[in-house]
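Residue-level structural notes
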Amino acid sequence: MAISYKKLWKLLIDKNMIKKDLRIAAGLSTNVIAKLGKNENVSTEVLGKICKVLDCEITDIMEFVDEDK
């Protein structure tokens with residue numbers, strides 16, 4: 001199983017935000033934003049910060065996808 005953050009990027013569009021806005025609001029590093037962009041693992045602390053800023057649940061920003069597809 002792999003992680004996909006497509007939902008996060010769609011949510012940012014819906015909230016009229018760009019990655020830089022999210023990075024600043026959540027206090028994230030550029031490295032974390034890069035990891036998210038590559039669908040790499042990040043800590044639950046990071047995901048929690050994002051959810052707090054966007055006022056959403058974790059399932060609203062990420063999902064597990066089947067790597068075989």
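Structural notes, computed from the coordinates. These figures come from a predicted structure and were not determined experimentally.

Here we take up the overall build of the protein. Of regular secondary structure, the protein possesses four helices and two strands. N-terminal to C-terminal, the α/β element order of the protein is β-α-α-α-α-β. Along the first, second and third principal axes, the C-alpha set of the protein runs to 35 × 25 × 20 Å. Burial status across the protein gives 33% buried among its 69 residues. Counting contacts in the protein only where the partners sit at least 6 residues apart, residues at least 24 apart contribute 63% of the total. Accessible area of the protein: about 4800 Å², with a carbon and sulfur share of 50%. For the protein, the separation between the mean place of its 12 positive charges and that of its 11 negative charges on side chains is 7 Å.

Turning our attention to the nonpolar core. One finds Tyr5, Leu8, Leu22, Leu36, Ile50, Leu54 and Ile61 to be the most contacted residues of the largest nonpolar core, which totals 22 residues. If near-sequence neighbours (up to four positions away) are discounted, Leu22 is found in contact with Leu8, Leu12, Met17, Ile33, Ile50, Val53 and Leu54.

What follows is about the packing of helix 2 (residues 19-26) against helix 4 (residues 44-54). Remark: helix 2 packs on helix 4, axes separated minimally by 9 Å, with the N-to-C direction vectors making an angle of 105°. Regarding the angle of helix 2 to helix 4, the classification is roughly perpendicular. For the pair formed by helix 2 and helix 4, the contact residues are Leu22, Ala25 and Ala26 on the first element and Lys49, Ile50, Val53 and Leu54 on the second. Across the contact of helix 2 with helix 4, the residue classes tally to six nonpolar, no polar and one charged.

Quick notes on the rules
- Residues numbered from 1 in each chain as written.
- Predicted model: local features only at pLDDT ≥ 70, side-chain atom pairs only at ≥ 80, totals over all residues.
- Heavy atoms only, no water.
- Helix = DSSP H or I, 4+ residues; strand = E, 2+ residues; numbered from the N terminus.
- Buried < 20%, exposed > 50% of the residue type's maximum accessible area, 1.4 Å probe, protein only.
- Contact = heavy atoms within 4.5 Å.
- Areas by Shrake-Rupley, 256 points an atom, 1.4 Å probe, with all protein chains shown as cover.
- Lys, Arg positive; Asp, Glu negative; His and termini not counted.
- Charge placed at Lys NZ, Arg CZ, Asp CG, Glu CD.
- Core = buried A, V, L, I, M, F, W, Y, C linked by side-chain atoms within 4.5 Å.
- Axes fitted to C-alpha atoms, helices over the stretch in contact; angles between N-to-C directions.
- Parallel < 35°, antiparallel > 145°, perpendicular 65-115°, else oblique.
- Nonpolar A, V, L, I, M, F, W, Y, C, P; charged D, E, K, R; others polar.

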